[in-house]
Amino acid sequence: MNEKKDYYMIPSGLQVLIENAIKHNVVSRKRPLRIVIETLPNDKVRVENNLQIKTGMKEGNGLGLSNLNELYRLMFGKEIVVCSTKDIFSVEIPLIKVI
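Residues numbered from 1 in each chain as written. Predicted model: local features only at pLDDT ≥ 70, side-chain atom pairs only at ≥ 80, totals over all residues. Heavy atoms only, no water.

Colleague: Could you clarify how one ought to interpret the sheet that holds strand E2 (residues 35-40) in this entry?
Modeller: Where strands meet in a sheet, backbone hydrogen bonds hold them as pairs that are either parallel or antiparallel. Taking strand neighbours across the sheet as the criterion, the 4 strands line up as E2-E3-E5-E4 in an open arrangement whose pairing is antiparallel. With one partner strand each, in any of the chains shown, E2 and strand E4 (81-84) form the two edges of the open sheet. Averaged over all neighbouring strand pairs, the angle between strand axes comes to 15°, with direction disregarded. Pairing analysis gives 7 bridges linking strand E3 (residues 44-50) to strand E5 (residues 88-94), with the strands arranged antiparallel. Looking across to E5, one finds that valine 47 is bridged to valine 91. Helix H1 (residues 13-24) rests against E2, E3 and E5 of the sheet, and its axis sits at about 145° to E2. Here helix H2 (residues 63-76) sits on the sheet in contact with E4 and E5, set at roughly 20° to E5. (Pairing = 2+ DSSP bridges. Helix = DSSP H or I, 4+ residues; strand = E, 2+ residues; numbered from the N terminus. Axes fitted to C-alpha atoms, helices over the stretch in contact; angles between N-to-C directions. Contact = heavy atoms within 4.5 Å.)

In structure tokens:
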């Protein structure tokens with residue numbers, strides 16, 4: 001873990017991604033939500049969760065992810081990466097090297 005000690009991210013970045021996973025997915029004992037947070041070799045952090053979309057909920061507007069991406073773009077000239085399959089949703093956010 002020490003290899004990333006000189007990097008940082010927007011403080012609310014992880015919070016936005018975890019809240020997003022909880023907001024849009026069913027969470028129960030029978031259907032637990034699995035959230036994985038991991039550092040990647042390309043100086044990014046990935047937050048990934050299994051997809052079990054809540055029924056009867058209108059689709060989100062993507063504002064949380066859009067705002068997070070806009071912060072990274074404006075502050076650091078970097079973008080977040082959003083990937084979705086039928087089973088998994090993940091977002092990669094850049095780690096910023098301390099100068």
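Next comes the rest of the account.
Colleague: What is the right way to look at the pattern of salt bridges in this model?
Modeller: Throughout the structure, instances matching the rule amount to 5 salt bridges. Between glutamate 92 and arginine 46 there is a salt bridge whose closest N-O contact spans 3.4 Å. With glutamate 92 in strand E5 and arginine 46 in strand E3, this residue pair connects regions lying 46 residues apart in the sequence. A cluster of three or more residues bridged by salt bridges with shared partners is formed by Glu38, Lys44, Arg46 and Glu92. (Salt bridge = Lys/Arg side-chain N within 4 Å of Asp/Glu carboxyl O.)

Colleague: How do you make sense of a nonpolar patch on the surface when you look at a structure like this?
Modeller: Residues Leu71, Leu74 and Met75 make up a contiguous nonpolar surface patch of about 310 Å² in total accessible area. Along the chain, the position of leucine 71 falls in helix H2. According to the relative accessible area criterion, leucine 71 is partly exposed, its value standing at 37%. (Patch = residues over 30% accessible without salt bridge, like charges linked within 9 Å, V, L, I, M, F, W, Y side chains within 5 Å. Areas by Shrake-Rupley, 256 points an atom, 1.4 Å probe, with all protein chains shown as cover. Buried < 20%, exposed > 50% of the residue type's maximum accessible area, 1.4 Å probe, protein only.)

Colleague: Could you clarify how one ought to interpret the environment of isoleucine 10 in this entry?
Modeller: For isoleucine 10, the position within the fold is in the loop between strand E1 (7-8) and H1. Setting aside residues no more than four positions away along its own chain, isoleucine 10 makes contact with Leu71, Tyr72, Met75 and Phe76.

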